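# Survey of secondary and tertiary structure
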Amino acid sequence: MAERLDAFMARANAAYYASHDPFADFTTAPEISQVFGELLGLWAGIAWQGMGAPDRFLLAEAGPGRGSLMADALRALAQALPACRAAAAVALIETSPRLRAAQAARLAGAAWYDDLGALPVGPCVLLANEFLDALPIRQFLRQGDGWQERFVQDGRFLTRPAPAPDHPAAADAAEGAIIEIGAAAQDFVRALARRLCRQGGAALLIDYGPEFSAAGDSLQALRDGAPADPLADPGGADLTAHVDFAALARVGAAAGARIVGPVPQGKFLAALGLFQRSERLARSQAPRRAMALLDAANRLAEPDRMGRLFKVLAVCHPAMPPLPGFEP
Ligand code: SAH
């Protein structure tokens, strides 16, 4: 039976994250340097101050992986802003039982939820790194005067006639062009924006993708650390797609939230003090470890490494004061 691409991707990734250690296949920013999570923790602390420093708030993370980002964030907060650390109820959105167990080993006292809608009510700071890229996408193919949508059957694409996708590049798309709609990521940001407007708070979404919505096929699979056929072995490979930040910004703004960015990750982390903090940390380390910390900072920030392709977008309550890292 043919399955729409987003249904196929949802099923494949649920199976993949339930059965694999994804970090055997790829390395993410929190695994590259502890400073990444520390800076995001301090960002959350400043957002908490901007919310009026509530006695209790949710410090949430979507797709926390090994729990490294949150562990680093909490340690930095406990040092720099102990009142914020004390006020934080750690809430993790994670569907993989395997990764929940890995997170529990590092994050005593956290609570787990299946999705955003299940989080307890209240003001919230939400962090998400490389979460949205794992959410299912739809793909539309321009053919003749109209459009086809991609389905998957027996490891191959087939297409069925479809209405034109709601995308700025659709009108001028050339024959054979592919337009992606990150429907699940858009639903997530819409729900997040509504929640932040009603209950207060801010969110930081970090992922890779272009700044402007464009045509193109970005579906990719990593299997045993190497590129693979995305359709061949559902559950055996990590499927991702570029995140359309412009579309997410439109959806979030339409839901009433203030949108800040996106800005390139390198610029954002440098503004938060990535290099100063890495250098300070390096000074207290043995030379080998010091070099590794400085190289990790460069890897996160240099434009031809992770600094430009990765973007940072903030979504917040319209009354929040300016958030750090986005200064022009
Ligand atoms: N943020 C981590 C991990 C990125 S991998 C890091 O930067 O290292 C993607 C994470 O999102 C994993 O924890 C995976 O289990 C989780 N995830 C993927 N799809 C999900 C979904 N639909 N709902 C909740 N979590 C999901």
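Residues numbered from 1 in each chain as written. Predicted model: local features only at pLDDT ≥ 70, side-chain atom pairs only at ≥ 80, totals over all residues. Heavy atoms only, no water.

### What about the pattern of salt bridges?
Quick reminder of the rule: Whenever a carboxyl oxygen of Asp or Glu lies within 4 Å of a side-chain nitrogen of Lys or Arg, that contact is scored as a salt bridge. Under the scheme used here, helices are H or I runs from DSSP no shorter than 4 residues and strands are E runs no shorter than 2 residues, and both carry numbers assigned from the N terminus. For every residue, the accessible area (1.4 Å probe, protein chains only) is compared with the maximum for its type, and the residue is labelled buried under 20%, exposed over 50%, or partly exposed between those bounds.
Evaluation of the coordinates by the stated rule reveals 15 salt bridges. Here Arg150 makes a salt bridge to Asp217, at a shortest N to O gap of 3.7 Å. One end of the pair, Arg150, is in strand E7 (residues 146–153); the other, Asp217, is in the loop between strand E10 (201–208) and strand E11 (220–223), with 67 residues separating them in the sequence. Among the residues examined, Asp217 registers a relative accessible area of 45% and is labelled partly exposed. Across the pair Arg223 and Asp233 runs a salt bridge, and its minimum N-O distance is 2.3 Å. Taken as a pair, Arg223 in strand E11 and Asp233 in the loop between strand E12 (226–228) and strand E13 (238–240) lie far apart in primary sequence, 10 residues in all. Judged by relative accessible area, Arg223 falls into the partly exposed class, the value being 35%. Classification of Asp233 as partly exposed rests on a relative accessible area of 36%. Overlapping salt bridges bring together Arg4, Asp6, Arg138 and Glu149 as one network.

### So, the sheet that holds strand E15 (residues 310–316)
Note the cut-off: In this scheme, strands are said to pair when DSSP sees at least two bridges between them. Simply put, an axis is a line fit to the C-alpha atoms, just over the touching stretch for a helix, and the angle between two N-to-C directions goes from 0 to 180 degrees. Whether two residues are in contact is decided by their heavy atoms, any of which lying within 4.5 Å being enough.
Read from one edge of the open sheet, 7 strands run E4-E3-E2-E5-E10-E15-E14, paired in mixed fashion. Strand pairing shows two members of the sheet lacking a second neighbour, strand E4 (111–113) and strand E14 (258–264), which therefore form its edges. The sheet shows a mean angle of 20° between the axes of neighbouring strands, taken without regard to direction. Of the pairings in the sheet, the one linking strand E3 (residues 88–93) to E4 comprises 3 bridges and is parallel in character. For Ile93, the partnering residue across the bridge sits in E4 and is Tyr113. Relative to E10, helix H7 (residues 183–199) is tilted by about 160°, and along the sheet it contacts strand E2 (57–62), strand E5 (124–129), E10 and E15.

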